[in-house]
Amino acid sequence: MNEQFDNLPWHDANLKSLYIDRQSPGEHDIVRVVVEWPDTLEMSSIEFYDCYALNARMNFGIVVDESILQAICVTDSSELKDIREKWLKIDVNLNGLKCYRIITNSTNSIIEIFSMGFQVV
């Protein structure tokens, strides 16, 4: 699944929106990113499911599309380790947790979604 995420045509795609769905908190925590792909200009919704954390450092005020420099799936980091350890204390095993990191060109923003997986909708 990491390769599938990393191989999407992220470079120069445009980030159109970011949704946080907490209608069923703790049961179905979902983050959706709507992306316009560079070559086709078609839009897709990338849905991250079983989310455990979200970090977003977004820079606003620049009048330009939010183009993506790169997006990668990270399986080992200090943040992932901290989240896994925190949940393990209450007997929740998050060995499959990943960090999906999106970095933008236009505003040098970084979005990190910590979830068990994703699907293109």
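Residues numbered from 1 in each chain as written. Predicted model: local features only at pLDDT ≥ 70, side-chain atom pairs only at ≥ 80, totals over all residues. Heavy atoms only, no water.

What about the pattern of salt bridges?
Tallied over the full model, the rule gives five salt bridges. Notably, a salt bridge pairs Glu 85 with Lys 81, separated by 4.0 Å at the nearest N-O pair. Of this pair, Glu 85 and Lys 81 both sit in helix α2 (residues 78–88), four residues apart, roughly one helical turn. The exposure class assigned to Lys 81 is partly exposed, which follows from its relative accessible area of 48%. With a closest N to O distance of 2.8 Å, Glu 112 and Arg 101 form a salt bridge. One end of the pair, Glu 112, is in strand β6 (residues 110–120); the other, Arg 101, is in strand β5 (residues 98–104), with 11 residues separating them in the sequence. Here the two residues Glu 112 and Arg 101 agree in accessibility, since each one is buried. When salt bridges that share partners are traced, they join Asp 21, Arg 32 and Glu 47 into one network. (Salt bridge = Lys/Arg side-chain N within 4 Å of Asp/Glu carboxyl O. Helix = DSSP H or I, 4+ residues; strand = E, 2+ residues; numbered from the N terminus. Buried < 20%, exposed > 50% of the residue type's maximum accessible area, 1.4 Å probe, protein only.)

Brief notes about α2
Those residues of α2 that sit buried are Leu 80, Ile 83 and Arg 84. Looking straight down α2, one finds that the buried residues subtend no more than 100° of arc, so they occupy a single side. In the core, the buried residues of α2 are packed alongside β3 (43–57), β4 (66–74), β5 and β6. (Arc of directions from axis to C-beta. Contact = heavy atoms within 4.5 Å.)

Some points on the nonpolar core
Ranked by internal contacts, the top residues of the largest apolar core, which has 20 residues, are Phe 5, Trp 10, Val 35, Ile 46, Phe 48 and Ile 113. Counting only elements with at least two residues in this core, the list comes to β2 (28–36), β3, β4, β5 and β6. Apart from residues no more than four positions distant in its own chain, Ile 46 is found in contact with Leu 8, Trp 10, Val 31, Arg 32, Val 33, Val 35, Trp 37, Phe 118, Gln 119 and Val 120. With seven residues, the next largest nonpolar core counts Leu 80, Ile 83, Leu 94 and Leu 97 among its residues. (Core = buried A, V, L, I, M, F, W, Y, C linked by side-chain atoms within 4.5 Å.)

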